[in-house]
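What follows is the residue order along each chain.
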Amino acid sequence: MFELSQDHEDFRKAVRDFAASEIEPHVAQWDKEKHFPTELVGRMGELGLFGLVVPEEYGGSAEVADGTVQSDFTALCVAIEELGYVDQSIGITLSAGVGLGINPILSFGDEEQKQTYLPDLVAGRALAGFGLTEPEAGSDAGGTRTKAVRDGDDWVINGAKSFITNSGTDITSVVTVTAKTSEGEDGRPQISAIMVPSGTDGFTVEPPYDKLGWHISDTHGLTFEDCRVPVGNLLGEEGSGFRQFLKTLDDGRIAISALALGLTRRMLDLATDYASTREAFGRPIGANQGVAFQVSDLAVMAETSRVLTYKAAWLKDEHDRGRRSMKDVKHAAAIAKLYTSEAAVSATRIATQIFGGNGFMEEYPVARFYRDAKILEIGEGTSEVQRMVIARHLGLPS
Amino acid sequence: MNIVVCVKYVPDAQSERAFTEDNTTDREGVDGLLSELDEYAIEEALKIAEAGEGEVTVLTVGPDDAAEAVKKALQMGADKGVHILDEAIAGSDAPATSLVLAEAIKKIGSPDLVLTGMASTDGTMSVVPAMLAERLGLPQVTFASELTVEGEGVKIRRDGDSSTETIESSLPALVSVTDQINEPRYPSFKGIMAAKKKPVETWGLSDLGVDAGQVGQANAWTAVLETTKRPPREQGEVVADEGDGGTKLAEFLAAQKFV
C-alpha cells in the first residue's frame, strides 16, 4: 500500500515525459490566451489516458476480453497527478472527461449508448460533459429545476445548467444533464439523467465563463429551451439520476485529490529550487529558517496528500474488486478531498510568498497555480460538504 | 518483415555527467535511460511492423541496468528483447561494440532491416551503424529523415545542409534514422502490462562466440587519456546603449558569424 506497483510507476514516468514535452512548453501561452488545446486531447487519447477505467471492448485498458484487470482507478489518479503537476486545467480536462463524461455512460448506459459514445470518448476524438449544477442548485443538487417532460417519443427539456466542464469544445459530442422527470409518491422530485448530443435544437452552449483560474479548461453555462431528444437518450432508470450522480461524485473527489496533490508537489519543487538559488542578504533565502520551515511544511503537505489520495484510490479499486464497502470509499474520499484541496491552497500561498514579487508575476508558474488552486476547495463538493459527509460517517446527530 | 533495432542505455543527458577513474563514462552515479535518439528508431520499426507483418526485436549491449532500455522499447510495442550482458564488455570502443552487436544480430537470425538511431546521446560518435553494416555485409543507409519500404527495398531521404538526397537500397539493409523522422510514442498502460509477458533473452560473450580478448577497455583501439571538466560559462558581454546599441549588437552578431 505504501508504494504503487512498478507498473504504475512506469506509467507515471510515461505520463511525466508526455506532460513535460507536450504540455509544459505551451501552457503559459494557452493560459494567457484561454486556449483549449483540442489537439492535445487527441494525443492524451493516444496515450490511453481516457481509457484507464474503461474495458478493452470500448477501447480502454481497464479490463481485457479474458477478464484480467489491467489499468485501474489508481492509474487514472497517477495520470491526473502528473498532468496536474504541469497544469491544473489539463488535469481537470482529463479528470472531468473520464469521471463526468465517460463514467456515467459506462456505468449506467445500455449497450447501444455505450457503443455510440464510448469509443470516440476513449480515443480522445470526443469529449462529454455532465450537467448537474444549476444557477440555484449547487451543493443542494436536490433543488434541481431543469425539467424534462415526456412528449410522445421525446423528452422535452427546459432549464439551465452552470459551470459545465468540457461542454463546449470543438469535439464535445454529448452532455448528460440531470432533470426532474416526475414526482414520486412522496411528492419529492424524481431526477433522471438524459443525454443531449451537441448541436441538438434548443440546446445552447453559452459563451465561456471569465474565470479566476483554470483558464485552459472549457467551462460553459448551458440553456435548454424546448430541447427535444429521443426517449432512448435516458441514461439508466427514470428517477435514478440523483443516485447515479452521487456515485460519480465519490470517484470525482479522489480525482480532485490527485489533482491537488500534483499542485502541492509542484509548489514544493518550485519553492525548494527557488529557496536554494535565490540570494538575499548574501546567501540563499532557504538558509533562513523562516523560509526553510515553510518549505518543510510544503513537503509535509505533499506527502500527506500523497498518502490520503492513494489510500482512497486503493479503497476505490478494492471496492470495484468487491473487497471493500462503498462506505469506506466515501469516507476516505471526503477526507482526501478536504485535506488535499485545502493544503493545495495553502501551498500556493506559501510558494508565492517564497517567490516574493516574482511570485506575483505571470512570468513564473506559481502565479498560475495560485489562481488555479482555489477551485479545488469548491468543485466536486465544497470543503463544507466534505465536512458534512465526514460528520455523517462519524454518526454525529444531523 | 523482421526488424532488429539496436538501442543504448545512456546516462540522462539532462543530469550532471561525470567520468570514472579509468576515464570511462560514469554510469553508476547518474540516472540512466533509453537514449532518446534511439526512440526514433524504435518508433520507425513499430510503424513498419504495424503497416504490414513482422516482428520487432530490440537489442542492447550494456550493464544490468541496460535491461531498462529494453523494457521501455517493449513497453512502446517491440515484440521481444535481447540483452548482451558480460563484464568483459565494459569500456568497449565502437569497433568492439559493433562486433558484439553484429554477432548478436547473426544469432537472432537474418533480419530484413536493422535500425539504429543517428548517434547515442552519451558518446555521440555516430560510427557504430556504419561499422555494424560493414561487419554484417549489409548496405548502409544512414541519417534517414524519412523511410519507406517499397517492394524488396527501402527508400530514404537524407537532409544535408545544402541538398536533400533520396537514396534507395535493396533489403536486407541497415538504416540509421534522425530525430526528424517521426514522433516517438509514449508507453501506454496497456503497453506496460503487455511488455511484462514479452520474451527477453540475456546472452554473454560465450553465447555469441566472441572472445573476451576482442572487447573491453584493455583491447580498445583508442583510449581516453584525460578528462577535464568544462570551465563554467563566463559572464556575457554587456553592451551599454549610448545611442549606438543597435550597431554594437549587429557588430557582435556579425563577429560571431550569426548574421
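Residues numbered from 1 in each chain as written. Chains lettered and ligands numbered in written order. Predicted model: local features only at pLDDT ≥ 70, side-chain atom pairs only at ≥ 80, totals over all residues. Heavy atoms only, no water.

- Chain B has the name Electron transfer flavoprotein subunit beta in an unreviewed UniProt entry, where Marihabitans asiaticum is given as its organism.
- You can read under Subunit (unreviewed entry) in the UniProt record for chain B the words "Heterodimer of an alpha and a beta subunit."
- Database annotation for chain B, UniProt heading Sequence similarities (unreviewed entry): "Belongs to the ETF beta-subunit/FixA family." (UniProt positions renumbered as here; feature names shortened; annotations may be inferred.)

- In the annotation of an unreviewed UniProt entry, the entry for chain A reads Alkylation response protein AidB-like acyl-CoA dehydrogenase, and the organism field reads Marihabitans asiaticum.
- Quoted verbatim from the Sequence similarities (unreviewed entry) field of UniProt, the annotation for chain A is "Belongs to the acyl-CoA dehydrogenase family."
- According to its UniProt record, chain A has this under Cofactor (unreviewed entry): "FAD".

### Some words on the UniProt feature "domain: Acyl-CoA oxidase/dehydrogenase middle" (unreviewed entry) in chain A
Piece 1. Within this structure's numbering, the places UniProt gives as "domain: Acyl-CoA oxidase/dehydrogenase middle" (unreviewed entry) are residues 130–227 of chain A.
Piece 2. A helix fraction of 0% and a strand fraction of 56% characterise residues 130–227 of chain A, whose end C-alpha atoms lie 16 Å from each other. (Helix = DSSP H or I, 4+ residues; strand = E, 2+ residues; numbered from the N terminus.)

### As for the sheet that holds strand β12 (residues 200–203) of chain B
Residue and element names in this part refer to chain B.
Piece 1. Taken in spatial order, the seven strands line up as β7-β11-β6-β1-β4-β5-β12 in an open sheet, and their pairing is parallel. Strands at the two margins of the open sheet, each flanked by one partner only, are β7 (140–144) and β12. Each neighbouring strand pair of the sheet contributes to a mean axis angle of 20°, computed without reference to strand direction.
Piece 2. Pairing of strand β5 (residues 80–84) with β12, which is carried by four bridges, proceeds in the parallel orientation. Within the sheet, the bridge partner assigned to Gly81 lies in β12 and is Val200.
Piece 3. Set on the sheet, helix α3 (residues 94–108) makes contact with β1 (2–7), β4 (55–61), β5, β6 (113–117) and β12; between it and β4 the angle comes to about 150°. (Pairing = 2+ DSSP bridges. Axes fitted to C-alpha atoms, helices over the stretch in contact; angles between N-to-C directions. Contact = heavy atoms within 4.5 Å.)

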